[in-house]
Amino acid sequence: TFNISDVIDEVYATLAPAAKEKGIVFAKNNLINANEAIIHSDSEKLKEVLKQLLENAIKYTEKGSIDFRCFYSDENTIEFLIKDTGIGIPQDKFESIFNAFYQVDTEHKNALHGSGIGLAIAKAYTQMLGGKLSLENNWELGTTFRFTIDIHLQKKAEGSSAYKNTSA
Ligand code: ATP
């Protein structure tokens, strides 16, 4: 069991200096109940997904802002929005970017730096967490990733003996 807000705070604290160094405004807006726990899930995977999305947002943004929002999209779902004002991802690449080693070939100085594996891992982890990862269709304004996890399933698992004693 772990507290989602702790994970959010930790990831934000880890990446805020890199955003600051580039002069990017990095805002965190967390509306999740401070005591909301995730049960029998993997905090490392959740952390990795969020870190990957935020690292990319910083990497592909030269000026402007990154908005990191966490809220309940309904009573059973926690939603994370990672929105940047960077170079954007062309809509016809929305699926390819999740493939391992795929990188969009652009003029941006950071394009093709890195391994192109980050989003493939993020997608795989998302599926292991029973969540969803997708892009919002506003690519002309930058990039927005939406990552959701179903806390209803997590809570149900709490009552199931099959899940007892699983380390979180
Ligand atoms: P690394 O594995 O080191 O993170 P990478 O950033 O190239 O390398 P991914 O994180 O898998 O690899 O991203 C795949 C591609 O998607 C990137 O090469 C980039 O073209 C594009 N991309 C990802 N996030 C963003 C973003 N926030 N804005 C613009 N393009 C992005």
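Residues numbered from 1 in each chain as written. Predicted model: local features only at pLDDT ≥ 70, side-chain atom pairs only at ≥ 80, totals over all residues.

A. Spotlight on the site of the ligand. The local shell around the ligand holds 21 residues, among which Tyr60, Gln103, Val104, Gly114 and Gly118 are the closest. Secondary structure elements with two or more residues in the shell around the ligand: α2 (43-59) and α3 (118-128). Looking at the shell around the ligand element by element, the count peaks at 3 residues for α3. Partitioned by chemical class, the residues of the shell around the ligand number 11 nonpolar, 9 polar and 1 charged. (Near = placed C-beta within 6 Å. Helix = DSSP H or I, 4+ residues; strand = E, 2+ residues; numbered from the N terminus. Nonpolar A, V, L, I, M, F, W, Y, C, P; charged D, E, K, R; others polar.)

B. Geometry of the packing of α2 against α3. Interaxial distance between α2 and α3 falls to 9 Å at its minimum, and their mutual angle equals 145°. Here the hand of the crossing between α2 and α3 comes out left-handed. Taken together, the residues of α3 that come into contact with α2 (itself represented by Lys45, Glu48, Val49, Gln52, Leu53 and Asn56) are Gly118, Leu119, Ile121, Ala122, Tyr125, Thr126 and Met128. Classifying every residue of the contact of α2 with α3 gives 7 nonpolar, 4 polar and 2 charged. (Axes fitted to C-alpha atoms, helices over the stretch in contact; angles between N-to-C directions. Left-handed = near helix turned anticlockwise from the far one by under 90°. Contact = placed C-beta atoms within 7 Å.)

C. Examining the environment of Ala34 more closely. Its place among the elements puts Ala34 in the loop between β2 (25-30) and β3 (37-38). Between the alpha carbons of Ala34 and Glu44 there is a distance of 19 Å; along the sequence they are 10 residues apart.

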